Amino acid sequence: MWFDPKCPWAWNTSRWLLEVERVRDVRVRFHVMSLWLLNDGREGLEPWYERWLSDTLGPVRVLTAAEEKYGTDVLRDLYTAFGDRIHGERTPIGRDLYVDALTALGLAPDLADAADVADHDEALRRSHHAGLDPVGEDLGTPAIHVPGPDGRRTAFFGPVVSPVPRGEAAGRLWDGVLLVTGTPGFFELKRGRTESPRVD
């Protein structure tokens, strides 16, 4: 799964995938993408969304720096540490959040410095494009890649879900997602959102 840690919809999807691990033979690997990068240079963004994007680059830079230092597996727990603070505790995004999350996991707190420099931006771009290019244009996070029925990778946006399905309900949704995304020629299934995300 490719995620931007500020996105509440991606957060819900990530928590759903961790539920799926409990009831299906699945192991989730997390990767970083950037909503800031996705929208960089786009015109006509709604003012509220431009404001919302303004603090999204720092967190993904820190996550990318941590991945480069410790390896991709670090993202699993570090994303959870970021997400718990951003979505659960409503901690303002910034250096204090980064240092607190890094320290809690025994990671180098000076990785927080990466938020304000472009040192890891090329690695961020590579991860971003690896996740989103196979999905298609104008789609963001959550993006998921899974092996298809023929062994080839299937990449898709979503599912966007609220609240997070738990237990066997999470497994049934996974089964359905695999069924539709593994169907040749299947492209889209969507309905209007009727509420804001309820995050766990």
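Residues numbered from 1 in each chain as written. Predicted model: local features only at pLDDT ≥ 70, side-chain atom pairs only at ≥ 80, totals over all residues. Heavy atoms only, no water.

- By the naming in an unreviewed UniProt entry, the protein chain is Disulfide bond formation protein DsbA, taken from Micromonospora globbae.

A short note on helix H8 (residues 167–181)
Quick reminder: α-helices carry 3.6 residues per turn. Residues three or four places apart thus point the same way.
Turning to step 1, where the next piece is worked out: Under the 1.5 Å per step criterion, the end-to-end length of H8 is 22 Å for 15 residues, consistent within 8% with the ideal 21 Å.
Turning to step 2, where the next piece is worked out: Among the residues making up H8, those that are buried are Ala170, Gly171, Trp174, Val177 and Thr181. What you see down the axis of H8 is that its buried residues fit within an arc of 120°, all on one side. Exposed residues pointing more than 90 degrees away from the buried face of H8 are listed as Arg172 and Leu179. (Helix = DSSP H or I, 4+ residues; strand = E, 2+ residues; numbered from the N terminus. Expected span 1.5 Å × (residues − 1). Buried < 20%, exposed > 50% of the residue type's maximum accessible area, 1.4 Å probe, protein only. Arc of directions from axis to C-beta.)

Considering empty space enclosed by the protein
Turning to step 1, where the next piece is worked out: If you walk through the whole model with that rule in mind, you get one cavity of 30 Å³ or more.
Turning to step 2, where the next piece is worked out: What the largest cavity holds in volume is close to 40 Å³.
Turning to step 3, where the next piece is worked out: What lines the largest cavity is Trp36, Leu37, Leu57, Asp121, Leu124 and Arg125.
Turning to step 4, where the next piece is worked out: Looking at side-chain class alone, the lining of the largest cavity contains four nonpolar, no polar and two charged residues. (1 Å grid on protein atoms, 1.4 Å probe; cavity = no way out; pocket = protein on both sides within 12 Å on 5 of 7 lines; lining within 4 Å. Points joined across faces, edges and corners; volume = space filled by probe spheres on them. Nonpolar A, V, L, I, M, F, W, Y, C, P; charged D, E, K, R; others polar.)

Let's talk about the environment of Ser196
Turning to step 1, where the next piece is worked out: Topologically, Ser196 is positioned in the segment after H8.
Turning to step 2, where the next piece is worked out: Looking at Ser196, the relative accessible area reads 57%, which means it is exposed.
Turning to step 3, where the next piece is worked out: With 33 residues separating them in the primary sequence, Ser196 and Pro163 have C-alpha atoms 9.8 Å apart.
Turning to step 4, where the next piece is worked out: Ser196 has contacts with Trp9 and Ser162, leaving out every residue within four places of it along the chain. (Contact = heavy atoms within 4.5 Å.)

Considering a nonpolar patch on the surface
Turning to step 1, where the next piece is worked out: On the surface, Leu139, Phe157 and Val160 cluster together into a nonpolar patch covering about 190 Å² of accessible area.
Turning to step 2, where the next piece is worked out: Positionally, Val160 belongs in the loop between strand S4 (153–157) and H8.
Turning to step 3, where the next piece is worked out: By relative accessible area, which is 31% here, Val160 ends up partly exposed. (Patch = residues over 30% accessible without salt bridge, like charges linked within 9 Å, V, L, I, M, F, W, Y side chains within 5 Å. Areas by Shrake-Rupley, 256 points an atom, 1.4 Å probe, with all protein chains shown as cover. Salt bridge = Lys/Arg side-chain N within 4 Å of Asp/Glu carboxyl O.)

Some remarks on the packing of helix H1 (residues 8–23) against H8
Turning to step 1, where the next piece is worked out: Across the interface, H1 lies against H8 with an axial gap of 8 Å and an inter-helix angle of 100°. If you check the angle between H1 and H8, you find them roughly perpendicular. Two secondary-structure elements touch here, H1 through Trp16, Leu17, Glu19, Val20, Arg22 and Val23 and H8 through Gly167, Glu168, Ala170, Gly171, Leu173, Trp174 and Val177.
Turning to step 2, where the next piece is worked out: Classifying every residue of the contact of H1 with H8 gives eight nonpolar, two polar and three charged. (Axes fitted to C-alpha atoms, helices over the stretch in contact; angles between N-to-C directions. Parallel < 35°, antiparallel > 145°, perpendicular 65-115°, else oblique.)

Describing the packing of aromatic side chains
Turning to step 1, where the next piece is worked out: Counted according to the given criterion, the structure contains eight aromatic pairs.
Turning to step 2, where the next piece is worked out: Each ring, one from Trp11 and one from Tyr79, has its centre 5.4 Å from the other, and the planes form 80°; the classification is edge-to-face. With Trp11 in helix H1 and Tyr79 in helix H5 (residues 74–88), this pair connects stretches of sequence that are 68 residues apart. Both residues of the pair, Trp11 and Tyr79, count as buried.
Turning to step 3, where the next piece is worked out: Measuring from ring centre to ring centre gives 5.9 Å for Phe82 and Tyr98, while their planes differ by 20°; the resulting arrangement is stacked. Here the residue Phe82 occupies a position in helix H5, and Tyr98 occupies one in helix H6 (residues 95–104), the gap between them amounting to 16 residues.
Turning to step 4, where the next piece is worked out: Through successive ring pairs, a cluster of aromatic residues spans Phe3, Trp11, Phe30 and Tyr79.
Turning to step 5, where the next piece is worked out: The ring of Trp11 has Arg15 sitting right over it, with the charged end atom 3.9 Å from the ring centre.
Turning to step 6, where the next piece is worked out: Its guanidinium or amino end placed over the ring of Tyr70, Lys69 lies 5.7 Å from that ring's centre, counting from NZ or CZ. (Phe/Tyr/Trp six-rings, centres within 6.5 Å; stacked < 30°, edge-to-face > 60°. Lys NZ or Arg CZ within 6 Å of the ring centre and 35° of its normal.)

Section: the layout of surface pockets
Turning to step 1, where the next piece is worked out: A volume near 290 Å³ is recorded for the second largest pocket.
Turning to step 2, where the next piece is worked out: In this structure, the second largest pocket is lined by 15 residues; those nearest its centre are Arg27, Arg29, His145, Val146 and Pro147.
Turning to step 3, where the next piece is worked out: For the lining of the second largest pocket, the element with the most residues is strand S3 (residues 143–147), which contributes four residues.
Turning to step 4, where the next piece is worked out: Considering only residue class, the lining of the second largest pocket consists of nine nonpolar, two polar and four charged.

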